[in-house]
Amino acid sequence: MAVDGRRFFKRERPNFALQYLRISLTAGKEGTWVFKKIYKILEIPFIYRLAMLILVPGANRLLKPVYNKFFNLQLGKVLDVGCGPSSGTTLPPQGWIVGVDINESYVRSFTGGFLDQDPQLVLNPPADRRYLGYLSSADRLPFPDASFDEARSRSFFHHMSDPEAAAVIREMSRCIRPGGRIITFDVVWPRRAWTRPFAWLICRFDRGAYVRSESQTLKLFQETCPGHWTWERHTYSYTGLEYLWLQYEKK
Ligand SMILES: C[S@@+](CC[C@H](N)C(=O)[O-])C[C@H]1O[C@@H](n2cnc3c(N)ncnc32)[C@H](O)[C@@H]1O
């Protein structure tokens, strides 16, 4: 039987772009080839920084007053969990900042080329370096107890399931001294999608599969590490993205 050419082209020729869009929007980002490729490319430090500039415009300006409020710049030793490639993402203290990440090129970019091996080095860090960096998963930190004055993380916990996140919070708490602080800030879902549509879309397609609401985030931290937590919610980008800032002091 002869094939009707017009019918074939109209109805049966697959439109790959539309198919991917439809699959992505309905079936979820994790399963699609397009998103896997995009997430892989983001592992290159330069591309990650570029993506941040495009998707999170205004972050430096909007975060400056919040940084000044939360970070104590006098502190000596700070642990940055899931540090990523940029040393300037959180304000460094006078002293040392120790980054931990599972991506080696991010760690090297964070430290300016170094990849440290000996975890005991954080007890007596070298005077000629301010940035140290370790390749490690944050739920099994290699450092001795009470090694740091502060443990912080930015945009990290939405990469962790609840059990993984709880393990990281316990590790952060173990690694700070009594009187030390945990400061963490992470993206949260907009309260209503239609009032912040760009933010909602960015959360929907983020590499991290565990973006939480404000109440889910609070529950996770308070239940894992009971004690006195304070928190604030701030918009950190002109796209409407919001961070929930949490602070905890260890007794
Ligand atoms: C969204 S990025 C944030 C990076 C950086 N904190 C910033 O604000 O630009 C999340 C980071 O967490 C790291 N990461 C993901 N899972 C991790 C794990 N189990 N342990 C340590 N780092 C992890 C990723 O490699 C990535 O650098």
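The present account deals with the structure reproduced in this document.

Describing the overall build of the chain
A count of helices and strands for the chain gives 9 helices and 7 strands. A burial count over the chain gives 29% of its 251 residues as buried. Counting only contacts in the chain whose residues sit at least 6 apart along the sequence, the fraction spanning at least 24 positions is 64%.

Thoughts on the environment of Asp 80
Relative to the helices and strands, Asp 80 resides in strand β1 (residues 77–81). On the basis of neighbour count, Asp 80 is assigned to the buried category, with 26 C-beta atoms found within 10 Å. Residues Asp 80 and Ala 151 lie 71 residues apart in sequence; the distance between their C-alpha atoms is 6.1 Å. Look past the residues within four positions of Asp 80 in its chain and what remains in contact with it is Thr 90, Ile 97, Val 98, Gly 99, Arg 152 and Ser 153.

Examining the site of the ligand
Gly 82, Gly 84, Ala 138, Arg 154 and Ser 155 are the nearest of the 16 residues found near the ligand. When grouped by side-chain class, the residues that make up the shell around the ligand number 6 nonpolar, 8 polar and 2 charged.

Describing the environment of Arg 49
Positionally, Arg 49 belongs in helix α4 (residues 45–55). Taking the number of C-beta atoms within 10 Å as the measure of exposure, Arg 49 has 15 and is therefore partly exposed. As for Arg 49 and Ser 86, which are separated by 37 residues in sequence, their C-alpha atoms are 7.8 Å apart. Discounting residues that sit within four places of it in the chain, Arg 49 has contacts with Pro 85 and Ser 86.

Brief notes about the sheet that holds strand β7 (residues 242–249)
Strand order across the open sheet formed by 7 strands is β3-β2-β1-β4-β5-β7-β6, with mixed pairing between neighbours. With partners counted over all chains shown, the strands left at the sheet margins are β3 (131–135) and β6 (229–235), one partner each. In this sheet, neighbouring strand axes are inclined to one another by 15° on average, regardless of whether the strands run parallel or antiparallel. Two elements, β6 and β7, share 7 bridges in a ladder whose sense is antiparallel. Following the sheet pairing, Arg 233 is matched in β7 by Leu 244. Most of the contacts of helix α9 (residues 214–224) go to β6, to which it runs at about 155°, and overall it touches β5 (176–188), β6 and β7.

Focus: the nonpolar core
Core analysis: the biggest nonpolar cluster contains 43 residues, and Leu 79, Val 81, Ala 151, Met 172 and Cys 175 have the highest contact counts within it. The residues touching Val 81, leaving out its near neighbours within four places in the chain, are Val 100, Ala 138, Ala 151, Ser 153, Phe 156, Val 168 and Met 172.

Comments concerning helix α6 (residues 104–111)
A turn of α-helix holds 3.6 residues, and therefore any two residues three or four places apart point the same way. Where α6 is concerned, the buried positions are Tyr 106, Val 107, Ser 109, Phe 110 and Thr 111. Those residues of α6 that are buried are in contact with α4, β2 (96–101) and β3. Directly beyond the C-terminal end of α6, a positive phi value near 80° is found at Gly 112.

A word on the pairing of β2
Counting buried residues along β2, 6 of its 6 residues qualify, which places the element largely inside the surrounding structure. Here β2 shows two buried faces, one formed by Trp 96, Val 98 and Val 100 and the other by Ile 97, Gly 99 and Asp 101. With 5 bridges connecting them, β1 and β2 associate as parallel partners. The residue of β2 that forms the bridge with Val 81 is Val 100. As paired elements, β2 and β3 share 5 bridges and run parallel to each other. Residue pairing across strands places Gly 99 opposite Gly 133, the latter belonging to β3. Handedness of the β2-α6-β3 crossover: right-handed.

The rules behind each value
- Residues numbered from 1 in each chain as written.
- Predicted model: local features only at pLDDT ≥ 70, side-chain atom pairs only at ≥ 80, totals over all residues.
- Helix = DSSP H or I, 4+ residues; strand = E, 2+ residues; numbered from the N terminus.
- Buried ≥ 20, exposed ≤ 12 C-beta atoms within 10 Å, placed from the backbone.
- Contact = placed C-beta atoms within 7 Å.
- Near = placed C-beta within 6 Å.
- Nonpolar A, V, L, I, M, F, W, Y, C, P; charged D, E, K, R; others polar.
- Pairing = 2+ DSSP bridges.
- Axes fitted to C-alpha atoms, helices over the stretch in contact; angles between N-to-C directions.
- Core = buried A, V, L, I, M, F, W, Y, C linked by C-beta atoms within 7 Å.
- Right-handed = clockwise from strand over helix to strand, strands pointing away.

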